[in-house]
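What follows is the residue order along each chain.
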Amino acid sequence: MKEYKKFKRQCIACACIKDKQDLIRITKDFQLNDIKINNEKKYQGRSVYICKNETCIKNAIKKKKIEHLLKVNLAENIKKELYTVLKK
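Visitor: Can you walk me through the packing of aromatic side chains in this structure?
Guide: Think of a pair of aromatic rings as described by two things: how far the centres are apart, and how the planes are tilted against each other in angle. This structure, assessed with the given rule, holds zero aromatic pairs. Directly above the ring of Phe7 sits Lys20, whose terminal nitrogen or CZ lies 5.8 Å from the centroid.

Following this line, the structure appears as structure tokens:
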């Protein structure tokens, strides 16, 4: 049986490299200029990854890393949605 390569991504808050499944993916859709938090669906566009812990989410929001990397203003509902993803 063929072994498949696990994809690694880097957290924007702590710079830790982890498996793609262990991170939260935040995508900016270029056509709609909309931000999506997606782990199960595949959206096309620019994406950033954050660890699934509260400190990384707080640091990414506080230091505005998501806004800087995706070049968009982050709405309050997206910030709240990040914390709800954490509680799941």
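Following the structure, the description resumes.
Visitor: Would you explain the packing of helix α1 (residues 54-62) against helix α3 (residues 76-87) in this entry?
Guide: Each pair of packed helices gets described by two things: the angle between the helix axes and the distance between those axes. Orientation of α1 relative to α3, taken along the N-to-C sense of each, is 170 degrees, at an axis distance of 10 Å. When the axis of α1 is compared with that of α3, the two are roughly antiparallel. Across the interface between the two elements, Glu54, Ile57, Lys58 and Ile61 from α1 touch Lys79, Leu82, Tyr83 and Leu86 from α3.

Visitor: How do you make sense of the pairing of strand β3 (residues 23-29) when you look at a structure like this?
Guide: For a regular strand, the rule is simple: side chains alternate between the two faces of the sheet. Most of β3 is tucked away: seven of the seven residues are buried. Neither face of β3 is open: one carries Leu23, Arg25, Thr27 and Asp29, the other Ile24, Ile26 and Lys28, and all of them are buried. The pairing of β3 with strand β5 (residues 46-51) spans six bridges and is classified as antiparallel. Bridge pairing in β5 places Lys28 opposite Arg46.

Visitor: Which parts of the structure should I look at to understand α3?
Guide: The α-helix winds at 3.6 residues per turn, so residues separated by three or four positions along the chain end up facing the same way. Here α3 spans 17 Å end to end across 12 residues, near enough to the 16 Å set by a 1.5 Å rise per residue. Within α3 the residues assigned to the buried category are Ile78, Lys79, Leu82 and Val85. Buried positions in α3, seen along its axis, are confined to an arc of 115 degrees and lie on one side of it. Exposed residues lying more than 90 degrees from the buried face of α3 are Asn77, Lys80 and Lys87. If you follow the buried residues of α3, they end up packed against β3, β4 (34-37), α1 and α2 (65-70).

Here is what the cut-offs are and how they apply
- Position numbers for residues count from 1 along each chain, tracking the sequence in the order it is written.
- Note on the predicted model: pLDDT of at least 70 is required for a residue's local features to be given, and 80 or more for side-chain atom pairs to be given and counted; whole-chain, interface and lining totals, by contrast, use all residues.
- Side-chain figures throughout are based on the complete set of non-hydrogen atoms in the structure, without hydrogens or water.
- Between 30 and 60 degrees the pair is tilted, below 30 it is stacked and above 60 it is edge-to-face, where a pair is any two Phe, Tyr or Trp rings, Trp via its six-membered ring, whose centres lie within 6.5 Å.
- Charge-over-ring placement is defined geometrically: NZ (Lys) or CZ (Arg) within 6 Å of the ring centre, and within 35 degrees of the ring normal.
- Note on definitions: angles span 0 to 180 degrees between N-to-C directions of axes, and those axes are lines fitted to C-alpha atoms, for helices only across the stretch in contact.
- Runs of H or I in DSSP of at least four residues are treated as helices and runs of E of at least two as strands, each being numbered from the N terminus.
- Oblique is the label for any angle not under 35 degrees, not over 145, and not in the 65 to 115 range, which are roughly parallel, roughly antiparallel and roughly perpendicular in turn.
- We call two residues in contact whenever any of their non-hydrogen atoms come within 4.5 Å of each other.
- Under the scheme applied here, a residue whose accessible area is under 20% of the maximum for its type counts as buried, over 50% as exposed, and between as partly exposed, the area being computed with a 1.4 Å probe on protein chains only.
- Here a strand pair is declared whenever DSSP counts at least two bridges between the two strands.
- One fewer than the residue count of a helix, multiplied by 1.5 Å, yields its expected span.
- Directions from the helix axis toward the C-beta atoms define the arc.

What is shown is where atoms sit, not what they do.
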